[in-house]
Protein chains: 2
Amino acid sequence: MTTPSDDLRTTPLTAPLGAVVPSSVPTHWYNLAADLPEPCPPALHPGTREPLGPEDLAPLFPMALIAQEVSTERWIEIPQAVREVYALWRPAPLVRALRLERALGTPARIYYKYEGVSPAGSHKPNTAVAQAYYNAVEGVTKLTTETGAGQWGASLALASALFGLECEVWQVRASYDSKPYRRMQMETYGATCHPSPSDLTAAGRAFLAQDPDTTGSLGMAISEAVEVAVGDPHTHYALGSVLNHVLLHQTVIGQEALAQLDALGETADVLFGCAGGGSNLGGLSFPFIGRNLREGTTTRVVACEPAACPSLTQGEYRYDFGDVAGLTPLLKMHTLGKDFVPPPIHAGGLRYHGMAPMVSHAKELGLLEAIAVEQDAAFAAGIEFARTEGIIPAPESTHAVAGALAHARAATTDEVIVIGLSGNGVLDLPAYHEFL
Amino acid sequence: MTTPSDDLRTTPLTAPLGAVVPSSVPTHWYNLAADLPEPCPPALHPGTREPLGPEDLAPLFPMALIAQEVSTERWIEIPQAVREVYALWRPAPLVRALRLERALGTPARIYYKYEGVSPAGSHKPNTAVAQAYYNAVEGVTKLTTETGAGQWGASLALASALFGLECEVWQVRASYDSKPYRRMQMETYGATCHPSPSDLTAAGRAFLAQDPDTTGSLGMAISEAVEVAVGDPHTHYALGSVLNHVLLHQTVIGQEALAQLDALGETADVLFGCAGGGSNLGGLSFPFIGRNLREGTTTRVVACEPAACPSLTQGEYRYDFGDVAGLTPLLKMHTLGKDFVPPPIHAGGLRYHGMAPMVSHAKELGLLEAIAVEQDAAFAAGIEFARTEGIIPAPESTHAVAGALAHARAATTDEVIVIGLSGNGVLDLPAYHEFL
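Residues numbered from 1 in each chain as written. Chains lettered and ligands numbered in written order. Predicted model: local features only at pLDDT ≥ 70, side-chain atom pairs only at ≥ 80, totals over all residues. Heavy atoms only, no water.

Brief notes about the packing of helix H2 (residues 63-70) of chain B against helix H11 (residues 244-264) of chain B
Residues and elements named next belong to chain B. Where H2 meets H11, the closest approach of the two axes is 8 Å, and the angle between their N-to-C directions is 85°. What the angle tells us is that H2 and H11 run roughly perpendicular. Within the contact between the two elements, H2 uses Leu 65, Gln 68 and Glu 69 and H11 uses Asn 244, His 245, Leu 248 and His 249. Residue classes in the contact of H2 with H11 are distributed as two nonpolar, four polar and one charged. (Axes fitted to C-alpha atoms, helices over the stretch in contact; angles between N-to-C directions. Helix = DSSP H or I, 4+ residues; strand = E, 2+ residues; numbered from the N terminus. Parallel < 35°, antiparallel > 145°, perpendicular 65-115°, else oblique. Contact = heavy atoms within 4.5 Å. Nonpolar A, V, L, I, M, F, W, Y, C, P; charged D, E, K, R; others polar.)

Focus: the packing of aromatic side chains
Taken as a whole, this structure holds 19 aromatic pairs over all chains when the rule is applied. Ring centres 6.4 Å apart and planes at 65° place the aromatic pair A:Tyr86 and A:Trp89 in the edge-to-face group. Comparing A:Tyr86 with A:Trp89 shows no difference in burial state: the two are buried. Here the aromatic rings of B:Tyr112 and B:Phe385 are separated by 5.0 Å at their centres, their planes lie at 75°, and the arrangement is edge-to-face. With B:Tyr112 in strand E5 (residues 109-114) and B:Phe385 in helix H15 (residues 375-389), this pair connects stretches of sequence that are 273 residues apart. Judged on exposure class, the residue B:Tyr112 and its partner B:Phe385 are both buried. Ring pairs connect the aromatic residues A:Trp29, A:Tyr133, A:Tyr134 and A:Phe163, which therefore count as one cluster. In this arrangement the basic side chain of A:Arg183 is found over the ring face of A:Tyr176, its NZ or CZ atom lying 4.5 Å from the centre. (Phe/Tyr/Trp six-rings, centres within 6.5 Å; stacked < 30°, edge-to-face > 60°. Buried < 20%, exposed > 50% of the residue type's maximum accessible area, 1.4 Å probe, protein only. Lys NZ or Arg CZ within 6 Å of the ring centre and 35° of its normal.)

Overview of the environment of A:Asp269
All names here are of chain A. With respect to the helices and strands, Asp 269 occurs in the loop between helix H11 (244-264) and strand E10 (270-274). Asp 269 sits 13 residues away from Glu 256 along the chain, and the two C-alpha atoms are 17 Å apart. If near-sequence neighbours (up to four positions away) are discounted, Asp 269 is found in contact with Thr 298, Thr 299, Arg 300, Glu 415 and Val 416. Polar side-chain contacts of Asp 269 include one of 2.7 Å to the backbone nitrogen of Val 416. (Polar contact = N/O pair within 3.5 Å; in protein donor to acceptor, adjacent residues only side chain to side chain.)

As for the nonpolar core
The biggest cluster of nonpolar side chains holds 161 residues, and the ones touching the most others in it are A:Trp29, A:Tyr86, A:Tyr112, B:Trp29, B:Tyr86 and B:Tyr112. With near-sequence residues (within four places) excluded, A:Tyr112 lies in contact with A:Pro93, A:Leu94, A:Val95, A:Ala97, A:Phe385, A:Glu389, A:Ile391, A:Ile419, A:Leu421 and B:Leu88. In terms of nonpolar packing, the next biggest core, distinct from the first, is built from 55 residues, B:Leu52, B:Val242, B:Ala257 and B:Ile289 among them. (Core = buried A, V, L, I, M, F, W, Y, C linked by side-chain atoms within 4.5 Å.)

Examining the pairing of strand E8 (residues 192-196) of chain B
All names here are of chain B. Within E8, four of the five residues are buried, which leaves the element mostly enclosed by the surrounding structure. Direction of pairing for strand E7 (residues 166-172) relative to E8: parallel, over a ladder of five bridges. For Val 169, the partnering residue across the bridge sits in E8 and is Cys 193. (Pairing = 2+ DSSP bridges.)

Some points on the side chain of A:Asn244
Residues and elements named next belong to chain A. Along the chain, Asn 244 turns up in helix H11. Judged by relative accessible area, which is 19%, Asn 244 ranks as buried. Looking at Asn 244, its side chain comes within polar contact range of the main-chain oxygen of Glu 69, at 2.9 Å. What Asn 244 contacts, discounting residues up to four positions off in sequence, is Glu 69 and Met 358.

What about the state of the cysteines?
All names here are of chain B. All told, the structure shown has zero disulfides over all chains when counted by the stated rule. In this structure Cys 274 is a free cysteine whose sulfur lies 7.9 Å from that of Cys 304, the closest cysteine sulfur available. Overall, the relative accessible area of 5% leaves Cys 274 in the buried class. Free cysteine Cys 309: the closest other cysteine sulfur is in Cys 274, separated by 13 Å. (Disulfide = S-S within 2.5 Å.)

Re the domain arrangement of chain A
All names here are of chain A. Taken domain by domain, chain A holds domain 1 (16-82 + 124-244) and domain 2 (91-122 + 247-435). Measuring from the centre of the C-alpha atoms in domain 1 to the corresponding centre in domain 2 gives 20 Å. With 69 residues of domain 1 at the interface, the matching set in domain 2 holds 62 residues. Summed over both partners, the interface of domain 1 with domain 2 buries about 5600 Å², with 66% contributed by carbon and sulfur atoms. The tally of links between domain 1 and domain 2 comes to three salt bridges. Between the two partners, domain 1 and domain 2, sit 20 residue pairs in polar contact (both at pLDDT 80 or more). Those elements giving two or more residues to the side of domain 1 that touches domain 2 turn out to be strand E1 (19-20), strand E2 (28-30), helix H2 (63-70), strand E3 (75-77), helix H5 (125-137), helix H6 (151-162), helix H8 (180-188) and helix H10 (218-230). A class-by-class count of the residues in the side of domain 1 that touches domain 2 yields 41 nonpolar, 21 polar and seven charged. (Domains from an automatic or database assignment. Buried area = accessible area lost by both parts, 1.4 Å probe. Salt bridge = Lys/Arg side-chain N within 4 Å of Asp/Glu carboxyl O.)

What follows is the structure, given as C-alpha cells:
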C-alpha cells in the first residue's frame, strides 16, 4: 500500500498470543473516490434535481466537511486535535480469533477488527469526533442528530462534550423505549435526547398525526434533526452514516487493519462487514478495495445486512431521499423506498431504508458483494463468538460474524477472513436475553 | 525494575497523542509477599484458630491456587493458556489525561491505567481467567461465586465459558434488582445467576428468615456460593477479591503501568486506586510498592474507599470472617465487622465489610495510605472525567478519580499522578442518571 502514513508502523510482538496493535494512529483518511474507475453519481438538490452546490449544504454542515463530501483527493490529512482524541482508543485492536477457529474446526485464519474499545463502544466516534471538531472550528455551538440503537447519538454526545458543543438527539422511538441506557449515556455526556417522532418539530408532529403509535425510523428522526438545524444559524446537523465524508472518517479502521495484517505477513482473502447505512463497512473495506484497484490484489468484500431491512440485496438502485419527509438531498443508492418502515429488529443501527451512495456505487461496479442474514442466525453467531472470544458483539456486528462463520465452516483452505466487529453489545444485552 | 518479563517492552510511539501500549503481555505475576519487611499474618481455621493448611482450602480451591495463596516466590509464571486469553485485551492502555489536565489547570501530569477494555468491562477477568484455568486443569467442572455490582460474576461467567466450566453466581439482591444487564451478560456467557440471599441454600434461607426484605451483601452471597461448592466434589468456589492469589493475578495491571511509565521516562509520584475488597488497588500498586521496597523509589499509594463503607479508614485491624455466616477462614484485615450491611450505594463492588489482608498489612506497615470519598464527590469526578476523557468510569473507579482530582487541583509542581481506572460504567448508567 502506498500511503503517507509512514508512522503507521506495526509492532506485532504479541502476534503469537492473538492481538496486534500498530504503533500509531493514521495521519490521513483514505478517499475511495480517488481510485474509482468511474465517479460516484452526485447528490441532487431535492427541488431542482441539479447536482448540489456547497451553498446547498451550508445550512447543515461546515465547509470543511462539504469539501470532503465531494473531494477526489486520495489522502486527506487528519487534524492533530482529532488524532489526539483518536489516540484515546486507537489504533483499535486486530485480534486473531484462535478460540473461534478451534471451535469451528476451520482451516481458515479468522481475524476481527474491534471497534468496541471506543468510549461509546462502537466505531461511530471515528466520525463524530471529526465532525464535532470541524463544526467547533467554524463557530457552530450546537449539533443536532438522529440515532437508532443509540450508538451514533452517544458518539456525537461524547464528541460534543470534548469540543464544547451542545448536542440534541432524536432517537428512534423503538430504541428509545427499549434501550434506556443509551439515553443515559448521552445525558452523562451532557446531551439532550428526545424520542422520535416528537412533538418538538413540524415533521415529528406530522408523523405522529399519521400514526400516533409509530415505532419511528431513522428516516423520521433525520427529518426532525435537520429541521431544527436549518432553523438556527449557530446549529448544524451531523449524520452518522451514509454520506461520503462519514465513510471517509471511518477509513482509519481499514487502514489500521491493512497495516496490522501486513505486519503479520497476512493478506485478507475476504472481509465481512455489517451494513446498515454503510459507514462501518465502508470504513473497513474501502482501503482494501482501493488497494485492489491500485495494486491488483483480490480481497473480497461481503456486506452483511439484515434480512428484515435488505437495501443492498433487495432494494432498487435509484435516487431517493435520505429521510422520510423529503428534506434531504436526493442520493443515488440502493433503497427500499424512503417510506419503508423496517420491523423493530434488535440491530437498530441497521434499520435504514437506504445505503451509502459510495457503497451502493461500489456494489454496482462489482467491487463488493452483499448477503442478507436472518436475525436468529445473527444472534446465534453472536453467542458463539461471545463464548469463544469473550466479546459480546453488538447486534449489528453479529451480522458480519454470521456471514464469516458460515464462510469459515465451509472453508477448505487456509484462507484469511477478517470480520469487522463494529462494536460491543453491552448495552444491547436485552436483545440477547430475548433471543436466549 | 528487575523482572523476568523481559519481553515486556514498550513502544511509546503514540505518546505525543496520549495512549501508550506496551508490546507484550507480562509473563509472570508479581508477588509482594517476597518483598515485605514482615510477613502477612496467615489465614486461620475458623474452628481451631490455627493457621490454615492446604487441606483446609482443598474443598474450595484447586491446589495451584492454594499454593499461590501462601507462596513467597517473587515471580510466578503465567500459564500460556492464560496469557493467550489476556492477549485478547491486554496490555491494557495507559493514557495521558491531557484534556483533564487542561480542564483542571494543573501542573501535574495525569495518567490513567484503563482496565475497561476487557470483554467484561473491568479488571476482574485478570483473575477470573486464571482461576477458571487452574480449576479446569484440575478436573473441576463447575464454579460458584458471589457478585456485587456484577462485574465479578460477569468476569467469572466469561472465564468459565472460555474454559468449558459451568458457572453459578449469587448476586447481591440490591444489584440484582437495579442492574439487570449484568445478569443478562452472565447468561449470555452461559452462566446461571440468582439473587442473594436466595432460598437455594441453608445460609440464604437463614438470612431471609432474619430479614425477608434484606438488600443482601457480598458477605451473605459468599456464604451461599461457598455452601454450594463444599457440597459437591466437582464444584469449586472462586473469589473475585480479598485473597492473596486474586491480588497476585491482578499485578499484571501494575507491571504494565510501570513498564509503560518507564518507556515514557516517567516515574509515578502518587497512585490513586479504588478500594473495595482490594484487588484493583493491590494489582495496580503492589509492583510499585515492591519497587519502593527493593530500589528505594518513593511512589505514594492512596487507597480511595467509599465513605459509606470505610473499612481501611474506619475499620478495626483484626481477625474476622470473610462472610456473614462465618463459613470462611479468619482473615487478619481492616474490617467493619462481618455483620456490617453497607447502604446500597451505587459502587456495588466496594460494598464489602473487609479489606484484602495483603492490602491491610501494607497499610499497617505504612506502605500505602487511605482516604474515604463521599458518593456525590465520586460521581461529580466521574462526570468531569467522562466529559474530558470520554470514558464513563465505573462507580467504583470514580472514587480513585475523585481522589486524584482533588490532589491534582492542589498540585503546585509537575508531579506524576496515576489513576487506576478499574472499569467503565456503561452498565452502571442508571447510577449516573440518578446523580444527574
